[in-house]
Amino acid sequence: MTSGRWCLAAVPLAVAAPGVAYAAPPRPASAAVDTAAPDPRDFDLRRGSDRGPAVRELGRRLHRSSVGGLLASSGQRRFGHGCAGPAAVPARSLVYCFDRHDTDTHDWVPQGVTSVSDAVAGERWTGGSRPMLVSWHNGGRIRLTVVDPDRRSYRHVLLVEPKFEGGTATYSDIGIHAGGIAWYGNRLYVADTRHGIREFDLRQIYDLARSRGGVAGHSERVGLQGGKYYAHGFRFLMPQTGSWRFARGRTGGKCRGTGPLRMSWVAVDRTASRHVLIAGEYCRPGGPQGRLVTWPLSALSRSSGTVRPDWGATLPGYRIQGGVRANGHWWFTQNRGEQRGLLLVTRHRGSGWDRVQRRTISHGPEDLSCYRGQHRVWTVAEHPRRRALWGFRADACG
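As recorded in an unreviewed UniProt entry, the protein chain goes by the name Secreted protein, listed as coming from Actinomadura decatromicini.

Now the structure itself:
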């Protein structure tokens, strides 16, 4: 795939990368494919409103923490066990289980996955830690889970939208799906289905337990109330610092094949000639097939202006929950409801997709992230009681 040149895909059929060893199901009948070329102007991004003043004021009122401080704090949740079987995780995968409550709950549903391998070239965060991040939604709130594989523990952080009320800094819940996340440097990009991308700064994490005006105990309150800051009982919160919105406006409630992308999931490719943010659409059969796009991450680091895509295509299937590229190889997860999901593995040539190889994987596979040093691609199985954070071997991810 050539960076810096707009390219379009035609057909949806492809080939497996090495290192994937799952039993393939019977090949399904080919579905109709929307072969219309995506219009690159549909994917132009512009900076959203400035959140800086509210975030800076929160920083003066609340105790600032960090990823390292969060991982070292007391009250961590410990890894559970026994989740691989119920989630139908393939053999030879690396698996992390959430605790019993987070595995069973219907209130929160995991969606996005990213790791320190996306964030930095050396795959180590400050202090030598190797965090992984998972996003969850519950219909009206979103949270981020910071996973520490070395300590076999994790911590939840509430993601909030900062604002001023009556001249005082406060914040509110963010009611989006958070279907994909991507960590690059200090920035965390979160998919906002209708609008584009929400941006967070991992240096802007606040600890209510160590804040004079903070309340970290159980409460349904959020934001500044009665002179105290609340976060639904979460100890840590992270405010949105910015956003990128589609220049052509918000998208609708279903896939149309034209207009702004429905931001279903995101990922990072650090193996390309220049690092890119990848995004794609989840589209159902019967309508247009979803689209796929990349933007240069160097451009997204700007504080203003328009960011234009450098590549786009039509996806090689419907119901794509996540996708990632490394060294020219693509992996996609495909939802099949109550059946186990599928992994689609392929490459893209100038004329379109190669033949796609489909493999049965876990229940409810979601967003994807390549952990280069492990030669593994990670995802999360989303269903209650069939939930797991797991990574399969993929030699081309490295």
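This paragraph deals with the environment of C83. Mapping C83 onto the fold places it in the loop between strand 3 (77-78) and helix 3 (84-87). Taking relative accessible area as the criterion, C83 reaches 5% and is therefore assigned buried. Sequence-wise, C83 and Y184 are 101 residues apart; in three dimensions their C-alpha atoms are separated by 29 Å.

For the structure on display, the rule yields three disulfides. One disulfide bridge connects C255 with C283, the sulfur atoms lying 2.0 Å from each other. Since a negative S-S torsion denotes a left-handed disulfide, the C255-C283 link at about -90 degrees is left-handed. Placement of C255 in the loop between strand 16 (236-246) and strand 17 (265-269) and of C283 in the loop between strand 18 (276-280) and strand 19 (291-296) is noted, with a sequence separation of 28 residues between them. The same class applies to C255 and to C283, which are both buried. Here C370 is linked by a disulfide to C397, with a sulfur-sulfur distance of 2.1 Å. Sign of the S-S torsion, about 100 degrees for the bond between C370 and C397, identifies this disulfide as right-handed. Here C370, found in strand 27 (residues 369-371), pairs with C397, found in the segment after strand 29 (386-393); they are 27 residues apart in sequence, far enough to count as distant.

So, how was this worked out
- Residues numbered from 1 in each chain as written.
- Predicted model: local features only at pLDDT ≥ 70, side-chain atom pairs only at ≥ 80, totals over all residues.
- Heavy atoms only, no water.
- Helix = DSSP H or I, 4+ residues; strand = E, 2+ residues; numbered from the N terminus.
- Buried < 20%, exposed > 50% of the residue type's maximum accessible area, 1.4 Å probe, protein only.
- Disulfide = S-S within 2.5 Å.

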